[in-house]
Structures are given as C-alpha cells and as structure tokens.
Amino acid sequence: MRIDSGRPGPHAVIVAIIHGNETCGLSAIRSVLAERDAILRGRITMIAANVAGHARRVPGQPQAGRFAEEDMNRLWSAARLAGDGADTVESRRARAIAPLCRQADLLIDLHSMATAGPRLLMFHDTPAARALLPALPHDHHRVRFAHPVHDGRLLIEQPGLLGEPTRAGFVVECGRHDRPGTDAYARRITHALLAAAGMLPPPATPGGRRPRGRDVIAVEMIRAESDGFRFLRPPEALQRFDKGEVIAEDGARRILAPFAPTYLLLPRLRPRSGGEAGILARDAAA
Ligand SMILES: [Zn+2]
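Just so we're clear, the structure is a prediction, and the values are computed from it rather than from any experiment.

Procedures and definitions
Residues numbered from 1 in each chain as written. Predicted model: local features only at pLDDT ≥ 70, side-chain atom pairs only at ≥ 80, totals over all residues. Helix = DSSP H or I, 4+ residues; strand = E, 2+ residues; numbered from the N terminus. Rg over C-alpha atoms; globule rule 2.2 N^0.38 Å. Buried ≥ 20, exposed ≤ 12 C-beta atoms within 10 Å, placed from the backbone. Domains from an automatic or database assignment. Contact = placed C-beta atoms within 7 Å. Nonpolar A, V, L, I, M, F, W, Y, C, P; charged D, E, K, R; others polar. Expected span 1.5 Å × (residues − 1). Axes fitted to C-alpha atoms, helices over the stretch in contact; angles between N-to-C directions. Parallel < 35°, antiparallel > 145°, perpendicular 65-115°, else oblique. Left-handed = near helix turned anticlockwise from the far one by under 90°. Pairing = 2+ DSSP bridges.

Caption draft 1: Spatial organisation of the overall build of the protein. The number of helices and strands found in the protein is six helices and 14 strands. The C-alpha atoms of the protein give a radius of gyration of 18 Å, which matches the 19 Å a tight globule of 286 residues would have. With the principal axes as the frame, the protein shows a C-alpha extent of 60 × 45 × 40 Å. In the protein, which comprises 286 residues, the share counted as buried stands at 42%.

Laid out in structure tokens, this is it:
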C-alpha cells in the first residue's frame, strides 16, 4: 500500500507483522491510511511483512504465529537476501520486499513483546536518525546499537540501510502483545516519527508530563550455552543491574553485569542452548 502526497519529500516505509503475532503495526497502518489527506510531503509505503506467520495465530495464545518457518527479523544479511541458506516462506518474502525497504529514508518497524516492561525505540546511529530524536516525545527508552548484535541481521540492518548517513531505521517495541495500550502506542510513535520527518503536522501536546526514558547503547547479545539457562529476575523489557551483579545462571556458568550500570534488554522467556538470551547494554552517558 502506498500514499503519495504529490509533493517532494522523504520516502517513509512502515513495516508491520515482521513477527506475525505482533499486530500493533497493522493498527498504525490503518491509522496512517485514515490520515492520508493530512500527509504534508513525500510518500509512505506500508508493508504487512510476515503474512504467513500472521495466518498461524491462535486465539488466546499471544506467542503463536511469530513465524511460519523462521524468524523473519534475522535474515537480512547480504548473503540471505542473495538466496544463501534455507529457502523458507520468510526468506522468499524478505527477498520480495527488501528492494522497497532499501529505498526508505525513514524505516519504521513495529513490534510488540512477550514480557512486560517499558517501551523501546531501537536504532543504529546515523545523522538522519539522530536528527529526528529531538522532535520525538521521550516516553520510551532509547536503545542505540553499537553494532549488529543479533544472530542474523535485522530488517533495519540490511545492506543499503545500515550505516547509510541519510537513512534512519527504527525498531519500536510498543508494549506487551496482548495489552490494549500497545496498539495505541504504535499509532502514536508512528505519527510522531512521521511528524518529526515533516510528513505530518506535529501531534497535539499530550496532557501531563511523562517520565523521560533512558538512553542506552546495546553492546552484546548473551547466548545460552545450556538449556538450563535462567534469568534470576522475572523478565522485563529493560532491567538495570549494578556492575558485578548476577544476571543469569547457565549450567555452571554465571553471567555477571559487566558495566556500571548494566541494562538487560528484551530477555527471552525460555532461552535454549546456542540461542539468543538477551542483550547487554550500557548507559549512553557513561
Ligand atoms: Zn518482534
């Protein structure tokens, strides 16, 4: 789906359901379509990414339908996009939509989470991304990736986007899958990002003051080495640890917080041996 204002300006690409069960982005797309006459400049492309995963959702099971054959947000490397590795419904779909995503001056990839906890705006630091931040409400925690940390490349890390100074890519974790506020946040942050890019009028100032979020730098993925891996605290999207504090136990291994302070981001509910468990981050100001 595409909206063209008929006036020169940025090309924004809004991506929903790259994880098929994370439906908040569809709400944001419906909201942008309803506002199509208000678009001030540029054009907006909207993509429902993992339709095959989405079709596998199960009522009452918010985790079901994340993907059909493989995680669609781990296969955006040059090699996978060129056809290396498994031929899956997700890799074929990624190859089909990659050229469109690569044209984005502003890429907005909308997600929700299995865990409770604060909302996260995640990005790689480019001049274009940095230029948008001051115009956004800081009602989320901001996570800047020092470098790619996941086992495969994210959508915003594909060749042509990662490190390109004129391009801004954001992954937004809008809240827990099954919470009513998650859709509303996806709509709000999408509007705020488009407004920051001068494509929509600025949003009405929300009443009251929200606490300002943290700014952190994502440094490293924790990988489980055993199926006995467990975090010591109940998982939340962002948790603070003092340096040296025990974050997790993994068989005989203990994972200690390496930074003062350390933040644990997006811990998996059940990490499996060899898989991603959660991201270690440090204070951006430190
Ligand atoms: Zn997701």
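Read on for the rest.
Caption draft 2: Broad picture of unusual backbone geometry. At the junction of A260 and P261, the peptide bond is cis and its omega measures out at -5° in the coordinates. Within the secondary structure, P261 sits in the loop between strand 12 (253-256) and strand 13 (262-265). Within the chain, I17 stands out as a residue other than glycine whose phi angle is a positive 45°. Summarising the element assignment, I17 is placed in the loop between strand 2 (11-16) and helix 1 (24-34). Its identity is not glycine, yet L266 carries a phi of approximately 45°, on the positive side. Looking at the element boundaries, L266 is found in the loop between strand 13 and strand 14 (276-283).

Caption draft 3: Fine view of the domain arrangement of the protein. Each assigned domain of the protein is listed here: domain 1 (2-196) and domain 2 (220-283). For domain 1 and domain 2, the distance between their C-alpha centroids amounts to 25 Å. Residue-level contacts link 13 residues of domain 1 with 13 residues of domain 2. Class assignment of the residues belonging to the side of domain 1 that touches domain 2 gives a composition of seven nonpolar, four polar and two charged.

Caption draft 4: Just the environment of I247, in detail. In this structure, I247 sits in strand 11 (residues 246-250). As for I247 and R233, which are separated by 14 residues in sequence, their C-alpha atoms are 7.6 Å apart.

Caption draft 5: How the structure looks around helix 4 (residues 89-102). Taking 1.5 Å per residue, 14 residues should reach 20 Å; helix 4 reaches 20 Å between its end C-alpha atoms and fits that length. Turning to helix 4, its buried residues number three or more, namely E90, R93, A94 and C101. Considering only its buried residues, helix 4 is in contact with strand 2, helix 3 (78-81) and strand 4 (106-113).

Caption draft 6: Geometry of the packing of helix 1 against helix 6 (residues 180-196). Running from N to C, helix 1 and helix 6 cross one another at 50°; their axes reach a closest spacing of 8 Å. The angle between helix 1 and helix 6 places the two elements in the oblique class. Regarding helix 1 and helix 6, the two cross each other, and that crossing is right-handed. Across the interface between the two elements, C24, G25, S27, A28, S31 and V32 from helix 1 touch T182, D183, A186, R187 and T190 from helix 6. Tallied by class, residues from the contact of helix 1 with helix 6 come to four nonpolar, five polar and two charged.

Caption draft 7: Spatial organisation of the pairing of strand 11. Here two bridges tie strand 9 (residues 230-231) to strand 11, and the two strands are oriented antiparallel to one another. Across the sheet, the residue bridging to R230 is E249, located in strand 11. As paired elements, strand 11 and strand 12 share four bridges and run antiparallel to each other. What sits directly across from A248, in strand 12, is I255.

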